[in-house]
Each structure stands twice: as C-alpha cells, then as structure tokens.
Amino acid sequence: MSEQPKFKVTVDNIQIEVPAGTTILNAARMIGGDVTPPAMCYYTNLKESGGKCRTCLVEVSKGSDKDPRPMPKLVASCRTTVMDGMEVKNITSDKVIDARKGVVEFLLLNHPLDCPVCDQAGECDLQDLSYQHGSEKTRYEFDRRTFEKEDIGPFIQLHMTRCILCYRCVFTADEVTGCRQHGVLDRGDHSAISTYLGKSLDNEFIGNVIDVCPVGALTDKTFRFKNRVWFTKPVDAHRDCPTCTSKVRLWMRGDEVFRVTARKNKFGEVEEWICNECRFHKKEVKDWVIEGPSKISRMSVISQGHYVNTHKAPVLIDKVIGKQPKLLMNIHTVSDVNRREVDLSKIEGPAHSEDFKTTDLNN
Amino acid sequence: MGVKLLLEHAHIEGIRFYDAYRKNGGYRSVEKALKMTPEEIVEEVKKSGLRGRGGAGFPTGMKWGFLAKPEGVPRHLVCNADESEPGTFKDRYLMEFLPHLLIEGLIVSSFALGSHHTYIYIRGEYVWVAEILEQAIAEAKLNGWLGKNILGTGFDCEIYVHRGAGAYICGEETALIESLEGKRGNPRIKPPFPAIQGVWMRPTVVNNVETLAAVVPIINMGGAEYAKIGIGKSTGTKLLSACGNINKPGIYEIDMTISVEEFIYSDEYCGGIPKGKKLKACIPGGSSVPILPANLLLKTAKGETRIMSYEGLADGGFTTGSMMGSGGFEVFDEDQCVVRHTMTLARFYNHESCGQCSPCREGTGWMYKILKNIEYGKGKISDIDLLWDIQRKIEGNTICPLGDAAAWPVAAAIRHFRDEFEWHVLNPAESQERNYGLAHYADPIHVPVAI
C-alpha cells in the first residue's frame, strides 16, 4: 500500500501538512487554538453530519497550487476537503467574522435563552459559540417560535424549542443504533425533531443522542433539575459491561453519582459510545471502577475550583499576524511609581496625579 | 413573427396524442439520433450553445460533458418538472400540450447520456399533467419508441413519472434527487456533484423540461444551425410565461433578439398594459430574480435598449440588472405595491425553506415578519436597513440556492424601491389606504455622457 499523499494547507497564515482527504476544519483543529472554526452540527464520528449550521464558514483565498483561483463563496469547512497549497482565511477574514456573527444571530433567533433553567447550561456549545462569536444584543423583536411538548420516553427529555436542528441525533440513531425511531418532521422554521405519532425512543444506545446534542434540546431525565453541571465533579470510570466499552465519565458530588455520560474530547465529541444501561441505571459509586479526575478545558465553567489536569490552548496570535503583537505601553517607562529608585514612602499622603511625575514618552 | 421551434405545432388539434404528433414530424429526431453515436449528440448540443432553461442558465452541453462514466455503474437522466417558481408555468404548458415533445427529447438525451432508466420528477400539484405524461409514455411504448431494443438499435430505455409531494425545494437538483430516492427533500451538500454521485450514488444529469425539449430541434436542424438563432451566448428560443398586468398573459416563444419594450407592448406578445396604465416594475425571470423598475427594465444603466436575452437582462449585474431565470415574466402596473409584493414573496420563501441550514431557516421568517410590519404600517425606518443586513447574511451562506433566491428579491426591492418602503414607514395611515403609485420609477435615468 502506497503512503497517503500529504497536502500543505495554510490556515490563517499557519502552514500545516495534512493527509489528503482531510477537511479544512480538521486541518484547523490540528493547529488548534483560535484558528479552529466553531462547529455546531459537524461530528467526527458521524459520517453524514456537517454542513448545516454554517458556523464553520471559512474563506478560501487560494484554491490550490494547481488552480489558485479563490472560491467564490464562503465554504463550510467541515465538508470541504483540503487541496495541496490551499490557503484558508478564518479569523483573518472580515467576511468570515461578519458571516459567522450573522449565523450566530440566526441560531439564537428562536432559541428560548432559558439557560438559567436549562440542564445543558455550562456545557452548551451554543453558549460558548454566542459568547465567542455573537453580538451582545439581538435585533429580533418578535415572539419566539414555540412547540408543543412531546414525550419521547422515560429517559430522554425533548425540548424542541431549544433545538437548532443540527441533525446530529438523527445521524446518531442512523449510524450508532442502526434503528432510527425519530427524525425531522415538517419543514422550514417549524421543522421539528419528533418520533412518528409520539412513539418513545427505546434502543440500547439511544442515550447517546443526549451527548451529541449541542444544546439542551435532548437532556437526561434521570439528571433533570438535580444539579448544575459546574457543581458536579467529573471523574473517569469504567465497569464490566456486556454491551459497551463502558468508558464513562461520572459527574459526582461527594460520593453521589448524579449523572453518567460518555467521555468527550477537547472538541466536545464523544470518544466511545456507551449503552443505556451504563448511562441511566448505574448511579452508585460501587458500580464503577474510578480511574481519576477527567481532563476539562480550563475555559470551561466546569473546571472552576478544581484546576487539575487542565490543558491550555496554544497562543497563536504571533503566527497569525506574522509578528509579535506591538506593545501599546510599557507601564514601567510611563510612570515613576514603578521605578525602583522612587521611594513610595516618601510621597506624602494619598497620591495625586502630580505625585506621579510622568516622564516624557519619547524618552 | 419570431422563430418557433418548440411551439411550432402547438396549435394543431390533437397534437397531445401520438398520431397527430407523429404526422407532424414527431420522433424524427429519435430516428436521426439513434443512428449517431452518443458522443456526436453531446457534441451537437455543445455546438448549439443551449443553456439550461431552469433558471441558472448553465450550458447544457458542458453539463453533459461532466457526467462521470465509470464501468458497470448505471447512469440516469432526470427531468426536472418540479416547476414551482411563482410566475413560471412554461413547463406545465409544454407537458400539457406537447407531452410527446418532452418524451422525444428524453429518448434522445437518454441515448446521448446512456441512461436506461429515465425519470420525470413532476411536482405533486400537476396531477392532471402527470396523467397526460403517463398516457403519452404508454402511447410511445406501444409504438416502439420506448422499452427494449428501440428501432432495432439495441438501446433500451424506460421513462418513469415520479410525482413529488408539493415542495418548492424539490426543484433544487440535489433535493430532487433525495426526494426521488424516497427521502426527505433536503438539498445535499456539494461536492460531490450529481454528475459524479446523484440518484442512488450513480452519475446523474438533472435537466429542466424545456432544456430537454429543446434537444429535439437541435438534433433535427443541427447544433450549428440552432446556434444561429439568437444573440451571442443566448442561442435558440426561450419560452416565457408572461403574467401580471398585461393584456395577453400566456406562454410566448421568443428568439432572444427582441427588446423588452417590444415584448411588453407589441401585439404579437403581451399586448401592452390594460386600461392604459403605466408600467411600474417587472420581474423578468421568475420570483427569485431581482425586480426592476420600469426605467431600468426598458433601458440599461448605459442608456441602451434592454434585449430579452440572458446577457441583456443580466446587463449591469445585480445593481442595475436582473436575470433571465426561469422565464416567469411578471409585469406590475402603477397600481401595484412593491412592499406588499416583496412581503408575499418573503412569505413564500419562508414557507418553502427546508429548514436544514440556519441562515435560510431563521432568516426567511425574520424577513417576512419585518416586511409584514412595514406593509401593515408598523415598521420603523431602521427596519429597512435591518432587512438589508439580513438578506446580506443569508445570501451565499446557505447550502442550496434557495437562500439566495429568498435574499435577492428583498435586496432588489430595497435597492430600487427604497422610497416606497420609507413612504410606508413614514405614512402608516395613508399607506393602508392607497398605494405609493408610479412615483418616479418610470422617469428616464440620467446617463453620464462620455467626454
């Protein structure tokens, strides 16, 4: 077997070599840090996912070495594969930032923003997205779209109002469980995730739709309103399970297991699918062999108070702009206060501006 | 009197049925084409310069040339008869009155592309048209034009009519393919293009009804001869479905050399505007293309006469031009309200958005709600800029062209009729009682003279 060809691709002035067939998003994820476009619908483990939410739009300023024409429109980086010599602009393109802001606004348009009572708050992709890429205000002045409540079984709670229609749960049911009982009904802004005639979802692996849901549309009924995720402490654990690998994450408070989820990597994607038995029924510490505290991004609210095993995103700003950022002002040269030779105790009374005799900036 | 290629025999009694059609020279092109090689037919179509009649105007010969031909994988031709664009009804007329012309074109094209199973995807609302097609296919089969070993050449071809369930989005080629496969009609993300992986992951060509019907005269008269009709890259004839405030609404076949003014006012075509009213605006190619005020419609921004051709209508780009689109020619007289019309279109696109990608799903509804406010006297001046910003963020950021189609009419209406929008906002009470009227929309545009 011949070795897979490698393609050189430049994302925001940072060059990386990736195997042929890699998508732009995955190439950017290999670089990491700020140049990674956000993804709300793409999921590495789900084959057909991606291309729907449009948050990962990037500008391709050079198609490839062979055909250097830029692509006319912004492209969905999760579904566009790299070409040799491709140049991609993400955070360095105003067009992308503007379009992404628009997409975030569209996603939030009909979202109820009930974060204070939503179980997903604290680990919600939409919260992160709107914090990082959205604007602080909406320009929408109309009533938000609502849906009738629907019961889809004893373990999974469906809140259709929160859904952003990423289709991840549909593909999960298709590709992981092999037997899909739910899908998207209707079309346009009233399309809804639902089961046919309100049947309930019962399938050994259907609980995974809770983990893949980027928002609080599908939540765990056994954990509902029990606790906020940032009060619980995640620990990795496993057990001897006949159906799945049972590599899970327990969300504990003291000795109490509040919730069991699959382990997620730093992109918020499930590493290994777990079965319903592990997820919903094993809520005792004695059921599990605990491996140790989980790695949680230090950006996450969940890691507050326990900064164990946190990992820090690389700082890439010098590579993106091609030089070290210019220092606007060095406090030590501007004010006398920080000069070693000035004795602060000699300054009488409360300090006034005159006490801080500023030196000429040009010196 | 212009050249008539498609509607040449449309007036003949009983042309819908096989006998009359055959007597008037029908199926000649099949006899001719089956003696040629498929490559020669594709070459003829390339020579003819035929452009897709569905809206985008992509050269048909080139599209056929892109079709992948892997060994052992069947290829398919799909006829897009899901004509749902508001204002467009040319395909319906063609299928209703000349079903055999389409079937003839389909047989020739299937032979050229090597498709043994060809599909006509017809919109669900055209119930009676689907029945006419079924009957015509049965007649053609009875007379040996379809089925196994056609005319003893060893070429097998079957045509199936597949009825949609009434969704505008299924006119988009990849959504049509999904729907044909029996799935939810969501557009696919391209690439892969249908020419590589289409229906059931097999190479597929999707063409409009009129495009496939135009293959018949191309084979009959030769590609080079066909290319002589028309101007520049707009070769051949085009069907236009004229509607709105005109004396003679209906289907017209034009040879793309006449001016827009002639098309609206001459007695041969639309016959002018009823009751002596004045022209205010026009959508020259179906609801998705930008609307143009009277002054820009009749003359281009450079002061030249606008010609009814692909290039002529697109002259000036989107700032001062429009598009040929699918040929749904809608005329508005001085009594029509552009704001109300734009609202109607926004409601249509909101209703027809598939809901797959976020800008279109959420943005179309938002635009409709704002336009509704403006129309009913509850708008604000800032709403107009907001609309502009929303359409800008939808356009080009969606999976399929429905997002663009929803954004363009709003953009063009604000670009050319901003006064009317502002009048609606500033005079809420008055705007509920009367229309803005013609205003200055027919005044000649000042053209700077070159020194």
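Source: prediction; values computed, not measured.

Rules behind the numbers
- Residues numbered from 1 in each chain as written.
- Chains lettered and ligands numbered in written order.
- Predicted model: local features only at pLDDT ≥ 70, side-chain atom pairs only at ≥ 80, totals over all residues.
- Heavy atoms only, no water.
- Helix = DSSP H or I, 4+ residues; strand = E, 2+ residues; numbered from the N terminus.
- Buried < 20%, exposed > 50% of the residue type's maximum accessible area, 1.4 Å probe, protein only.
- Contact = heavy atoms within 4.5 Å.
- Rg over C-alpha atoms; globule rule 2.2 N^0.38 Å.
- Areas by Shrake-Rupley, 256 points an atom, 1.4 Å probe, with all protein chains shown as cover.
- Lys, Arg positive; Asp, Glu negative; His and termini not counted.
- Charge placed at Lys NZ, Arg CZ, Asp CG, Glu CD.
- Axes fitted to C-alpha atoms, helices over the stretch in contact; angles between N-to-C directions.
- Parallel < 35°, antiparallel > 145°, perpendicular 65-115°, else oblique.
- Left-handed = near helix turned anticlockwise from the far one by under 90°.
- Nonpolar A, V, L, I, M, F, W, Y, C, P; charged D, E, K, R; others polar.
- Pairing = 2+ DSSP bridges.
- Buried area = accessible area lost by both parts, 1.4 Å probe.
- Salt bridge = Lys/Arg side-chain N within 4 Å of Asp/Glu carboxyl O.
- Polar contact = N/O pair within 3.5 Å; in protein donor to acceptor, adjacent residues only side chain to side chain.
- Domains from an automatic or database assignment.
- Phe/Tyr/Trp six-rings, centres within 6.5 Å; stacked < 30°, edge-to-face > 60°.
- Lys NZ or Arg CZ within 6 Å of the ring centre and 35° of its normal.

1. Let's talk about the overall build of chain A
No. 1: Looking only at helices and strands, one finds eight helices and 14 strands in chain A.
No. 2: For chain A, the residues scored as buried account for 49% of the 363 residues in total.
No. 3: Expressed as a percentage of contacts within chain A between residues at least 6 apart in sequence, the contacts between residues at least 24 apart total 63%.

2. Considerations on the overall build of chain B
No. 1: From N to C terminus, chain B includes 19 helices and twelve strands.
No. 2: Its C-alpha radius of gyration of 22 Å places chain B within 12% of the 22 Å reference for a compact globule of 451 residues.
No. 3: Evaluated residue by residue, chain B yields a buried proportion of 62% over its 451 residues.
No. 4: In chain B, 70% of the contacts between residues at least 6 apart in sequence involve partners at least 24 apart.
No. 5: On chain B, roughly 16900 Å² of surface is accessible, and the fraction owed to carbon and sulfur atoms is 55%.
No. 6: Of the charged side chains in chain B, 48 are positive and 54 negative, and the gap between their average positions amounts to 3 Å.

3. Quick notes on the packing of helix H2 (residues 94–109) of chain A against helix H16 (residues 358–375) of chain B
No. 1: Here H2(A) crosses H16(B) at 65 degrees, and the two axes come no closer than 9 Å. One way to sum up the angle between H2(A) and H16(B) is to call them roughly perpendicular. Every pair of crossing elements has a handedness; the one defined by H2(A) and H16(B) is left-handed. Of the residues in H16(B), those in contact with Val103(A), Glu105(A), Phe106(A), Leu107(A) and Leu109(A) of H2(A) are Ser358(B), Pro359(B), Arg361(B), Glu362(B), Gly363(B) and Trp366(B).
No. 2: Considering only residue class, the contact of H2(A) with H16(B) consists of six nonpolar, two polar and three charged.

4. Let's talk about the sheet that holds strand E7 (residues 156–158) of chain A
No. 1: What the three strands build is an open sheet, ordered E6-E7-E10 (chain A); its pairing is antiparallel. Among the strands making up the open sheet, the edge pair consists of strand E6 (150–151) and strand E10 (218–220) of chain A.

5. Topic: the environment of Ala442(B)
All names here are of chain B.
No. 1: Among the secondary structure elements, Ala442 is positioned in the segment after helix H19 (428–433).
No. 2: Note: C-alpha distance between Ala442 and Gly49 (393 residues apart in sequence) is 35 Å.
No. 3: Those residues in contact with Ala442, other than ones at most four positions away along the chain, are Leu279, Ala294 and Asn295.

6. Observations concerning the interface of chain A and chain B
No. 1: With 34 residues of chain A at the interface, the matching set in chain B holds 35 residues.
No. 2: When chain A packs against chain B, close to 2900 Å² is buried across both sides, 49% of that on carbon and sulfur atoms.
No. 3: Counting the surface chain A buries against chain B, the share from its top three residues, Phe106(A), Arg139(A) and Arg187(A), is 26%.
No. 4: Remark: the boundary between chain A and chain B carries seven salt bridges.
No. 5: Here Asp98(A) and Arg392(B) are joined by a salt bridge, their closest N and O atoms 2.8 Å apart.
No. 6: At the boundary of chain A and chain B, one finds 19 residue pairs in polar contact (both at pLDDT 80 or more).

7. Examining the sheet that holds strand E1 (residues 6–11) of chain A
All names here are of chain A.
No. 1: Reading across the sheet, the five strands line up as E2-E1-E5-E3-E4 and stay open at both edges, with mixed pairing between neighbours. A single partner strand is all that each edge strand has here, and the edge strands are strand E2 (14–19) and strand E4 (75–76).
No. 2: Here two bridges tie strand E3 (residues 57–62) to E4, and the two strands are oriented antiparallel to one another. In the strand pairing of E4, Leu57 is matched with Ala76.
No. 3: With respect to the sheet, helix H1 (residues 24–31) is in contact with E1, E2, E3, E4 and strand E5 (86–89), its orientation differing from that of E2 by roughly 120 degrees.
No. 4: Strands in contact with H2 are E3 and E5; relative to E3, the strand with the most contacts, it is inclined by about 165 degrees.

8. Some remarks on the pattern of salt bridges
No. 1: Tallied over the full model, the rule gives 52 salt bridges over all chains.
No. 2: Linked by salt bridges that have partners in common, Asp98(A), Glu105(A), Arg139(A), Asp389(B), Arg392(B) and Lys393(B) make up one network.

9. A look at the environment of Ala192(A)
Residues and elements named next belong to chain A.
No. 1: As for its position among the elements, Ala192 is in strand E9 (residues 192–195).
No. 2: Note on Ala192: relative accessible area 13%, which makes it buried.
No. 3: Sequence separation between Ala192 and Leu165 is 27 residues; the distance between their C-alpha atoms is 7.6 Å.
No. 4: In this structure Ala192 touches Phe147, Met160, Gly183, Val184 and Leu185, once residues within four positions along its chain are discounted.

10. Here we look at the domain arrangement of chain B
Many structure descriptions define interface size as the accessible area lost when the parts assemble.
Residues and elements named next belong to chain B.
No. 1: In terms of domain boundaries, chain B breaks down into domain 1 (18–228), domain 2 (234–333) and domain 3 (338–433).
No. 2: Using only C-alpha atoms to locate each centre, domain 2 and domain 3 end up separated by 23 Å.
No. 3: Listed per partner, the contact involves 16 residues of domain 2 and 13 residues of domain 3.
No. 4: Taken together, both faces of the contact between domain 2 and domain 3 bury some 1200 Å²; the carbon and sulfur share is 68%.
No. 5: The three residues of domain 2 that bury the most area against domain 3 are Ser288, Ile291 and Phe318, which together make up 42% of that side's buried surface.
No. 6: In this structure, the connection of domain 2 to domain 3 is made through one salt bridge.
No. 7: The partner of Lys280 in a salt bridge is Glu420, with the nearest N and O atoms 2.9 Å apart.
No. 8: Summed over the shared surface of domain 2 and domain 3, the number is four residue pairs in polar contact (both at pLDDT 80 or more).
No. 9: Mapped by element, the contributors of at least two residues to the side of domain 2 that touches domain 3 are strand E10 (279–283), strand E11 (292–293), helix H14 (317–320) and strand E12 (328–333).
No. 10: Within the side of domain 2 that touches domain 3, the residues separate by chemical class into ten nonpolar, four polar and two charged.

11. Things to note about the packing of aromatic side chains
No. 1: For the coordinates displayed, the defined rule picks out 27 aromatic pairs over all chains.
No. 2: Summarising the aromatic geometry, the rings of Tyr168(B) and Phe348(B) are spaced 4.9 Å apart at their centres and angled 70 degrees between planes, so their arrangement reads as edge-to-face. Here Tyr168(B), found in the loop between strand E4 (155–163) and helix H8 (173–180), pairs with Phe348(B), found in helix H15 (residues 338–352); they are 180 residues apart in sequence, far enough to count as distant.
No. 3: Look at Tyr168(B) and you get buried, because its relative accessible area is 12%.
No. 4: An aromatic cluster is built from Phe106(A), Tyr140(A), Phe142(A) and Trp366(B), whose rings are joined through pairwise contacts.
No. 5: If you follow Arg239(A) out to its NZ or CZ, it ends over the ring of Trp288(A), 5.9 Å from the centre.
No. 6: Sitting above the plane of the Tyr310(B) ring, Arg51(B) keeps its charged end 4.2 Å from the centroid.

12. Quick look at the pairing of strand E8 (residues 238–244) of chain B
Residues and elements named next belong to chain B.
No. 1: For E8, the buried fraction is high: six of the seven residues fall into the buried class.
No. 2: Note: E8 against E12, four bridges, orientation parallel. Its bridge partner lying in E12, Ala242 is registered against Phe329.

13. Remarks on the side chain of Ser287(B)
No. 1: Relative to the elements of secondary structure, Ser287(B) occurs in the loop between E10 and E11.
No. 2: With near-sequence residues (within four places) excluded, Ser287(B) lies in contact with Glu85(B), Pro86(B), Glu330(B), Leu345(B), Tyr349(B) and Pro409(B).

14. Remarks on the packing of H16(B) against helix H18 (residues 402–426) of chain B
Pairs of packed helices are described in terms of their axes, by the angle between the two and the distance that separates them.
Residue and element names in this part refer to chain B.
No. 1: Across the interface, H16 lies against H18 with an axial gap of 12 Å and an inter-helix angle of 20 degrees. In terms of orientation, H16 lies roughly parallel with respect to H18. Viewed along their axes, H16 and H18 form a crossing whose handedness is left-handed. Contact residues: Cys360, Thr364, Met367, Leu371, Ile374 and Glu375 in H16; Leu402, Gly403, Ala406, Ala407, Val410, Phe421, His424 and Val425 in H18.
No. 2: Of the residues that constitute the contact of H16 with H18, the class distribution is ten nonpolar, three polar and one charged.

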